[in-house]
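What the coordinates show
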Amino acid sequence: MSATISGFSKLSKSEKIDWIVSHYLSNSETAKHTIIQYFNSDSELQQLHDEFIENTISNYYLPFGVAPNFVINNTIYAIPMAIEESSVVAAASNAGKFWMARGGFKAEVLSTTKIGQVHFMYPGDFEDLKQYFDTIKPKLITDTKAITANMEKRGGGILDIELRTRTEDLNHYYQLHATFETLDAMGANFINSCLEQFAKTFKAEAEEHLNAPIEIVMSILSNYVPDCLVRAEVSCKVEALEDKGISGQVFAEKFVRAVNIAEVEPHRAVTHNKGIMNGIDAVVLATGNDFRAVEAGVHAYAVKNGKYTSLTHAKIEDGIFTFWMEIPLALGTVGGLTGLHPLVKVALEILGNPSAKELMKIVAVAGLAQNFAALRSLTTTGIQEGHMKMHLMNILNQFNATNEEKEFIVNHFKNNTVTHSAVVSEIEKIRQ
Ligand code: MEV
């Protein structure tokens, strides 16, 4: 079953659903029912969601959970998380509680500079170009005044524009490499608008100053923001790590070794960092930020020295265990979805309506906590014990277990190892 169509976006929502159901879905009545089941009964809220994107036919829900008991720089937070993976919120909550009893998390914003580039080709003489750039640079900035006025009033704006030569990597390739301070906004629209204006001004005056043509290829922000950095850390006396019959020293040493492995072995580093992103993405998503931008930027940072490595680090020094991470995070708490999506507003309020800098700290802590929880399980019980306990509910739901069946089986597995087949066999047993 497949089909093509022109003018799909012009169809009404119900026409779109009918078209997709009749051309792509075998059990059309059930499929249509499922699609409609996810509509919101509040028509204004539904319309809001419909209008976030083009061609909306339904809503796609993710669980919205909260990990309480996070102490960050001596302030207590409950951290909202939007994520489907069963063990993530539980792991974050455990790590939050674990560190609450040991002084909490420390976090610090190291820098907040964002980057955008106008990429252009120029086959002429470099000295001419350099001279032209120096002449036009003040006008590049003044021509964006209409765009930057508000941001400047609040203390942000364009920080600098540099001419960068990239001709060694690609013939005739240069950039206007610009840096920005966008305060509480993620800044994508602001940066892109400034860049497009730079490109216009730069091109418009080029002919009278240069003997060779400028070809503007594109103007776009960079999601690689190594100068928009936040650091999160936990530390405590090694003895204080003693837990569940494992001495603090044994735990700390094994934990540090696990981090060292991720530092030297890219296969492990990717999974290790994926665990960090479990925490980061969940908070980024819950607070209406762009998790794809964050993912792209964070992984680029993990390979900044030419080899993909762990984002977190750990050490034992003078009897003190320290575990930390520095990551780039371009986040916003104004603009974009933050003022539009009702649940995002709730998430931000749960966090005390943070500034972008505060949100950077909270998100980094969620990532560090998630990594701590994963490594703690991996180096002690193994990950499957916790994972399978959380996955139990998914298996029960696959088998449409009733509430009584769920209660009985969850109770049974409090003292038994959860495996898919063991759960299935328990379900079969009680259904006989
Ligand atoms: C699973 O989503 C994340 C982990 O694999 C992370 C890790 O291995 O560190 C548990």
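Treat the numbers as computed from the prediction; the structure is a model and nothing was measured. (Residues numbered from 1 in each chain as written. Predicted model: local features only at pLDDT ≥ 70, side-chain atom pairs only at ≥ 80, totals over all residues. Heavy atoms only, no water.)

What follows concerns the state of the cysteines. Taken as a whole and judged by the stated rule, the model has zero disulfides. Cysteine 194 carries a free sulfur, and the closest cysteine sulfur to it, the one in cysteine 228, is 16 Å from it. (Disulfide = S-S within 2.5 Å.)

A few words now on the packing of aromatic side chains. The tally for this structure, following the rule as stated, stands at 21 aromatic pairs. An angle of 10° between the planes, with centres 6.2 Å apart, marks the rings of phenylalanine 126 and tyrosine 174 as stacked. Of the two residues, phenylalanine 126 sits in helix α5 (residues 126-142) while tyrosine 174 sits in strand β6 (residues 173-181), which places them 48 residues apart along the sequence. For the ring pair phenylalanine 180 and phenylalanine 198, a centre distance of 6.5 Å and an interplane angle of 10° mean the geometry is stacked. Taken together, the residues phenylalanine 180 in strand β6 and phenylalanine 198 in helix α7 (residues 188-204) connect sequence positions 18 residues apart. Across the pair, exposure class does not vary: phenylalanine 180 and phenylalanine 198 are buried alike. Just above the ring of phenylalanine 39 sits the side chain of lysine 13; from NZ or CZ to the centre is 4.0 Å. The ring of tryptophan 324 carries lysine 315 above its face, with NZ or CZ at 5.5 Å from the centroid. (Phe/Tyr/Trp six-rings, centres within 6.5 Å; stacked < 30°, edge-to-face > 60°. Helix = DSSP H or I, 4+ residues; strand = E, 2+ residues; numbered from the N terminus. Buried < 20%, exposed > 50% of the residue type's maximum accessible area, 1.4 Å probe, protein only. Lys NZ or Arg CZ within 6 Å of the ring centre and 35° of its normal.)

Another point: the domain arrangement of the chain. By the assigned domains, the chain splits into domain 1 (8-50), domain 2 (69-107 + 230-381), domain 3 (114-221) and domain 4 (386-431). Measuring from the centre of the C-alpha atoms in domain 1 to the corresponding centre in domain 2 gives 38 Å. (Domains from an automatic or database assignment.)

Below, the discussion takes up the packing of helix α14 (residues 383-398) against helix α15 (residues 403-412). Geometry of a packed helix pair, given as the angle between the helix axes and the separation of the axes. Contact pair α14 / α15: the axes reach a minimum separation of 11 Å and the direction vectors enclose 145°. Every pair of crossing elements has a handedness; the one defined by α14 and α15 is right-handed. Residues Leu392, Met393, Leu396 and Asn397 of α14 lie in contact with α15, whose contacting residues are Lys406, Ile409 and Val410. Here the contact of α14 with α15 is composed, by residue class, of five nonpolar, one polar and one charged. (Axes fitted to C-alpha atoms, helices over the stretch in contact; angles between N-to-C directions. Left-handed = near helix turned anticlockwise from the far one by under 90°. Contact = heavy atoms within 4.5 Å. Nonpolar A, V, L, I, M, F, W, Y, C, P; charged D, E, K, R; others polar.)

So, about the site of the ligand. Neighbouring residues of the ligand: Glu85, Arg268, Thr271, His272, Lys274, Gly275, Asn278, Ala374, Leu378 and Ile383. Here an oxygen atom of the ligand and a side-chain polar atom of lysine 274 are 2.6 Å apart. Relative to its free-state accessible area of 300 Å², the ligand is covered by the protein chains to the extent of 87%. Mapped by element, the contributors of at least two residues to the shell around the ligand are α10 (266-286) and α13 (356-378). The biggest single contributor to the shell around the ligand is α10, with six residues. Among the residues making up the shell around the ligand, the classes are represented as three nonpolar, four polar and three charged. (Near = heavy atom within 4 Å. Polar contact = N/O pair within 3.5 Å; in protein donor to acceptor, adjacent residues only side chain to side chain. Areas by Shrake-Rupley, 256 points an atom, 1.4 Å probe, with all protein chains shown as cover.)

Our focus in this paragraph is the sheet that holds strand β4 (residues 113-121). As summarised here, the arrangement of the four strands in space is β5-β6-β4-β7, forming an open sheet in which the pairing is antiparallel. Looking at the sheet topology across the chains shown, the edges are occupied by β5 (157-165) and β7 (215-222). Going across the sheet, the axis of each strand differs from the next one's by a mean of 20°, ignoring polarity. Pairing of β4 with β6 involves nine bridges; the strand directions are antiparallel. Within β6, the position partnered with histidine 119 by the bridge is glutamine 175. The strands that α7 touches are β4, β5, β6 and β7; relative to β7, the one it contacts most, it runs at about 160°. (Pairing = 2+ DSSP bridges.)

Together, Phe64, Val66, Leu343, Val346 and Ile350 make up a nonpolar patch on the protein surface, roughly 350 Å² of accessible area in all. Going through the elements one at a time, β1 (64-72) and α12 (342-350) are the ones with two or more residues in the nonpolar patch. Tallying contributions element by element places α12 first for the nonpolar patch, with three residues. Counting through the fold element by element, valine 346 comes out in helix α12. Its relative accessible area of 39% is what places valine 346 among the partly exposed residues. (Patch = residues over 30% accessible without salt bridge, like charges linked within 9 Å, V, L, I, M, F, W, Y side chains within 5 Å. Salt bridge = Lys/Arg side-chain N within 4 Å of Asp/Glu carboxyl O.)

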